[in-house]
Amino acid sequence: MNLNILLQYLAPQKTLTRLTYALARWTFGPWKRWAIQHVIRKFNVDLSLAAEPNPEAYPHFNAFFTRTLRPDARQADPDCNALLCPADGRISQVGRIDAGRIFQAKGHDYSVDELLGGDAQAADPYRNGHFVTIYLSPSDYHRVHMPLGGRLVRTVHVPGKLFSVSPATVDAVPRLFARNERLVCHFESGHGPFVVVMVGAMLVSSVTTVWGGLTIPPYARAIQQRDYDDDTIEIDRFAEMARFNMGSTVIVLFPDGMAELDALGPQQKVQYGERLGQLTAAHRSAERA
């Protein structure tokens, strides 16, 4: 185990993350300007596509980090049967879920059950389905959009660790995505169910949803489930569903027989709205019916 990984095991992960949360919202001018310019230079951030391209206009670092894009910056794939990429970033892994196991990296995998908070019944449709894992780096746009339209059925806030989700850490820490704090969002569409999982990480574990506002923090001490049976929260395909207040990882699950994913390779760069694959013929026919 290298020193960086060892330090993550030993570090006060949530204390450091709470401190970063506060600093990211500090409006002190010299600090804000330094933090924004540091990230722009270090990660070569392109502000030309931002709705607000002037870095001085942001009241604090988090406002810059969660900046919106110009309406013409991204377009949804025009094929209504295409499954859309939910975020800008890089493909971490993509493929079929094998008897309930999701491939992480270099011999590591984890179960659908534990990713979804230990709910075997909720995991059952996905045991032989498909998954896509997307890593959002500090240079990326940090809002997450819908891969297809759907109605929110349930959210599950799962407590956990806050390891980094950088490629090196993902390669080294077993079951990382099933260990980190995360928000599991279950949707139902006219084509079938799907899940979007917002995985937190060290220094960046803060999630805001379009339906509930700031969801993480507070950090969960036990699994917290909320059902939306009495609400009608419909979110269109390509529309924003949530954002990371700083970045992390998104995992999308599709049930067996619903999706045909394209040949996407690890570390392939993607943008939200691009095609990930398509609905199977059976599900397209069901939708038209």
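Please refer to the structure placed before this passage.
Reference entry: report on the structure contained in this document. (Residues numbered from 1 in each chain as written. Predicted model: local features only at pLDDT ≥ 70, side-chain atom pairs only at ≥ 80, totals over all residues. Heavy atoms only, no water.)

We now examine the overall build of the protein. From N to C terminus, the protein includes 9 helices and 18 strands. In terms of overall dimensions, the protein is globule-like: its C-alpha atoms have a radius of gyration of 18 Å, near the 19 Å expected for 289 residues. Summarising its shape, the C-alpha atoms of the protein cover approximately 60 × 45 × 40 Å along the three principal directions. When the 289 residues of the protein are sorted by exposure, 53% land in the buried category. Contacts spanning at least 24 positions in sequence make up 77% of the contacts within the protein whose residues lie at least 6 apart. Only carbon and sulfur atoms are counted for the fraction: they give 52% of the accessible area of the protein, which is about 12,600 Å². A gap of 9 Å separates the mean positions of the 30 positive and 29 negative side-chain charges of the protein. (Helix = DSSP H or I, 4+ residues; strand = E, 2+ residues; numbered from the N terminus. Rg over C-alpha atoms; globule rule 2.2 N^0.38 Å. Buried < 20%, exposed > 50% of the residue type's maximum accessible area, 1.4 Å probe, protein only. Contact = heavy atoms within 4.5 Å. Areas by Shrake-Rupley, 256 points an atom, 1.4 Å probe, with all protein chains shown as cover. Lys, Arg positive; Asp, Glu negative; His and termini not counted. Charge placed at Lys NZ, Arg CZ, Asp CG, Glu CD.)

Let's shift gears to the pattern of salt bridges. Tallying each qualifying case throughout the model produces 13 salt bridges. Between D124 and R127 there is a salt bridge whose closest N-O contact spans 3.2 Å. D262 is the salt-bridge partner of R275, the closest N and O atoms lying 2.8 Å from each other. On the criterion of sequence distance, the pair formed by R275 in strand β18 (residues 275-279) and D262 in the loop between β16 (259-261) and β17 (269-270) is long-range, its members being 13 residues apart. Given the relative accessible area of 27%, D262 is considered partly exposed. Overlapping salt bridges bring together D113, D124 and R127 as one network. (Salt bridge = Lys/Arg side-chain N within 4 Å of Asp/Glu carboxyl O.)

Bringing the sheet that holds strand β1 (residues 82-84) into the picture now. Strand order across the open sheet formed by 3 strands is β1-β18-β16, with antiparallel pairing between neighbours. Strands with a single pairing partner mark the edges of an open sheet, and in this sheet they are β1 and β16. Mean inter-strand twist for the sheet, computed between neighbouring axes without regard to direction, equals 40°. Alignment of β1 against β18, held across 3 bridges, turns out to be antiparallel. Counterpart to A82 in the pairing with β18 is Q278. (Pairing = 2+ DSSP bridges. Axes fitted to C-alpha atoms, helices over the stretch in contact; angles between N-to-C directions.)

Alignment of β16 against β18, held across 3 bridges, turns out to be antiparallel. Counted as the bridge partner of A259 is L279 from β18.

Before going further, it helps to spend a moment on the side chain of Q93. Tracing the sequence through the fold places Q93 in strand β2 (residues 89-96). Contact partners of Q93, with chain neighbours within four places excluded, come to F103, Q104, A105, F131, V132, T133 and P266.

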